[in-house]
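Here is what each chain is made of, one letter per residue.
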Amino acid sequence: MLKQKYDVIVIGSGPAGLAAAVEAKKTGAEDVLIIERDRELGGILLQCIHNGFGVELLKEDLPGPAYAQRYIEEVHESGVETLLDAMVLDISPSRHIYAISEWSGFAELDARAIVLAMDCRERTRAQIRLRGSRPAGVYTAGTAQRFTNIEGSLPGERIVILGSGDIGMIMARRLTFEGAKVERVLEIMPFLTGLTRNYVQCLLDFDIPLQLRHTVARIIGNRRVEAVEAVQVDEKWQPVEGTREIIPCDTLLLSVGLIPENELSKKAGVLLDPVTNGPFVDQGMQTNVPGIFAAGNVVHVYDLVDWVTEAGFVAGRAAAKYAIAQRKRVARQVKLQAGANVRYVVPHVMDKEALAESDQKLQMRVVSPIEGKVWVQVTDGENQIVRKGQRYARPGEMVTVKIPQKAYDEVQKTDRLTVNVVAR
Ligand SMILES: Cc1cc2nc3c(=O)[nH]c(=O)nc-3n(C[C@H](O)[C@H](O)[C@H](O)COP(=O)(O)OP(=O)(O)OC[C@H]3O[C@@H](n4cnc5c(N)ncnc54)[C@H](O)[C@@H]3O)c2cc1C
């Protein structure tokens, strides 16, 4: 059963979100909820069945799902709540969250602190303006990884990979294991864009050729990819004529970069760094919007999962501290509400400690005029805190009453005061 308000709500259950939730709980947050659009916790790690995860942080070389499982267990043991198969649609700057889920329907939740951990999405063909026909057989490397490792179907048999990012190199090896022939990895930059260890373990060890300063000039094929035209480029990424080569293949995988998934962040008023495309953050991973934190690839693209987890810990700890401070601040406050014949009261809230220093003035407007003797009363629902008499009350004239310093002890016992302006 979902609560209406949580100390910390984490959006996304990859390594960043899992770490943030676990750490928020350890730091003292009472209610922590993870909202995940997938049916399982774990994020992208669930489809990364190769090893290479946890080498730095856990000093173990684990496959992705095993790494995720460590933190999933901690999530369950620590009492973090989870809402799976639920997509967050919107967040307001005041940390109101709108989510939709097949089983629980539309949910509106409030959080004292939010951790954004939504990761990135992969750049597609359109984003790199790849020319040529539009046949089937062009996939992002992550989509091909999902097909191969989760859905159990191979994306193709003769593969060309554009981009030397880690996902592309890992898929080159993975598809080779499954019997596909990876013809070539083409990289437009004069250097490798992924980890050297992946170049050695995924390309060199399997004799998969890598061509730097090369790109795909054109995709060829009608219903299905039949070939790509590869070409060498100069320093300005312009084709070097005389170097064009047709490479027959049935599949082109794109491993051409990731874009942090920040549509939700923008809706909440979070400012993004134009270089990383992720939020500007402070040392606790707090964005410019108070109480909204971010961790993992949604901030910038990490090379190793260990550093993603580490960022999740930092964000979760800071988010919990923020939420706890919020609770304390609210506990110190008393709400001032309009009662009988009162339209509004200003201020709307008062710090109880302010009465230790001076009387506190409340200003208001009445709804209807009262001619003759009038009481302006402030009550805590049961006891009268202060009462002031005056000769009349009219909507056109502001009414004022002071809560005296001597009411300090009584005010400490309540969280709301009501003001009434009534006939004597
Ligand atoms: C193919 C591949 C190979 C890799 N290999 C290695 C390696 O060998 N070693 C290593 O250390 N690292 C590796 N990494 C890097 C590492 O896995 C990632 O950096 C890390 O998983 C990113 O974590 P994250 O929590 O930011 O995102 P993710 O794990 O992607 O989690 C984000 C989660 O947010 C959810 N989400 C997004 N939007 C919403 C929404 N609106 N509502 C609800 N839920 C939402 C998503 O469903 C997802 O579950 C690899 C990554 C990939 C893709």
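Chemist: Help me understand the domain arrangement of the chain in this model?
Modeler: Put simply, an interface is often sized by how much accessible area is lost when its parts join up. The assigned domain composition of the chain is domain 1 (5-121 + 259-330), domain 2 (124-256) and domain 3 (334-423). Taken over C-alpha atoms, the centre of domain 1 sits 43 Å from the centre of domain 3.

Chemist: Explain the sheet that holds strand S13 (residues 225-232) to me, please; I cannot follow it from the model alone.
Modeler: As a general point, the strands of a sheet are linked pairwise by backbone hydrogen bonds and lie either parallel or antiparallel. One open sheet holds the three strands; their spatial order is S12-S13-S14, and the pairing between them is antiparallel. Two strands in the sheet have a free side with no partner beyond their single neighbour: strand S12 (214-221) and strand S14 (245-248). On average, adjacent strands in this sheet sit at an angle of 30° to one another, irrespective of strand direction. With seven bridges joining them, S12 and S13 adopt antiparallel strand pairing. Across the sheet, the residue bridging to Ile-219 is Val-228, located in S13.

Chemist: For this particular structure, what's the right way to read the environment of Cys-202?
Modeler: Locating Cys-202 in the fold gives a position in helix H5 (residues 196-203). Cys-202 sits in the buried class, given a relative accessible area of 0%. Sequence-wise, Cys-202 and Asp-166 are 36 residues apart; in three dimensions their C-alpha atoms are separated by 9.4 Å. Excluding its chain neighbours within four sequence positions, the residues that come into contact with Cys-202 are Met-169, Ile-170, Arg-173 and Ile-208.

Chemist: Sorry if this is basic, but what is going on with the packing of aromatic side chains here?
Modeler: Here the distance between the centres and the angle between the planes together describe a pair of aromatic rings. A complete count under the given rule lists six aromatic pairs for this structure. Seen in terms of ring centroids, Tyr-139 and Phe-147 are 5.6 Å apart; in terms of plane orientation they differ by 85°. Their pairing is edge-to-face. Joined through ring pairs, the aromatic side chains of Tyr-67, Tyr-71 and Phe-313 make up one cluster. Over the face of the ring belonging to Tyr-392 we find Arg-394, whose NZ or CZ atom lies 3.6 Å from the ring centre. The side chain of Arg-424 reaches across the aromatic face of Trp-375, ending 4.5 Å from its centre.

Chemist: Help me understand the nonpolar core in this model?
Modeler: A general trend in soluble globular proteins is that nonpolar side chains are found buried together. In this structure, Val-8, Ile-11, Ile-35, Ile-91, Val-115 and Leu-116 are the most contacted members of the largest nonpolar core, which totals 63 residues. For this core, the element with the most residues is helix H7 (residues 305-331), which contributes nine residues. Ile-35 has contacts with Ile-9, Val-10, Ile-11, Gly-12, Leu-83, Ala-86, Val-88, Ile-97 and Leu-109, leaving out every residue within four places of it along the chain.

Chemist: Hey, could you run me through the site of the ligand in this one?
Modeler: Taken together, 35 residues form the shell around the ligand, and within it Glu-36, Gly-52, Asp-119, Asn-297 and Val-305 come nearest. Ala-16 places a polar main-chain atom, nitrogen or oxygen, 3.0 Å from an oxygen atom of the ligand. For the ligand, whose unbound accessible area comes to 1,000 Å², protein coverage reaches 94%. Secondary structure elements with two or more residues in the shell around the ligand: helix H1 (15-27), strand S4 (86-91), helix H4 (166-177) and H7. A class-by-class count of the residues in the shell around the ligand yields 19 nonpolar, 10 polar and six charged. Taken domain by domain, the shell around the ligand gets at least three of its residues from each of domain 1 (5-121 + 259-330) and domain 2 (124-256).

Cut-offs applied
Residues numbered from 1 in each chain as written. Predicted model: local features only at pLDDT ≥ 70, side-chain atom pairs only at ≥ 80, totals over all residues. Heavy atoms only, no water. Domains from an automatic or database assignment. Pairing = 2+ DSSP bridges. Helix = DSSP H or I, 4+ residues; strand = E, 2+ residues; numbered from the N terminus. Axes fitted to C-alpha atoms, helices over the stretch in contact; angles between N-to-C directions. Buried < 20%, exposed > 50% of the residue type's maximum accessible area, 1.4 Å probe, protein only. Contact = heavy atoms within 4.5 Å. Phe/Tyr/Trp six-rings, centres within 6.5 Å; stacked < 30°, edge-to-face > 60°. Lys NZ or Arg CZ within 6 Å of the ring centre and 35° of its normal. Core = buried A, V, L, I, M, F, W, Y, C linked by side-chain atoms within 4.5 Å. Near = heavy atom within 4 Å. Polar contact = N/O pair within 3.5 Å; in protein donor to acceptor, adjacent residues only side chain to side chain. Areas by Shrake-Rupley, 256 points an atom, 1.4 Å probe, with all protein chains shown as cover. Nonpolar A, V, L, I, M, F, W, Y, C, P; charged D, E, K, R; others polar.

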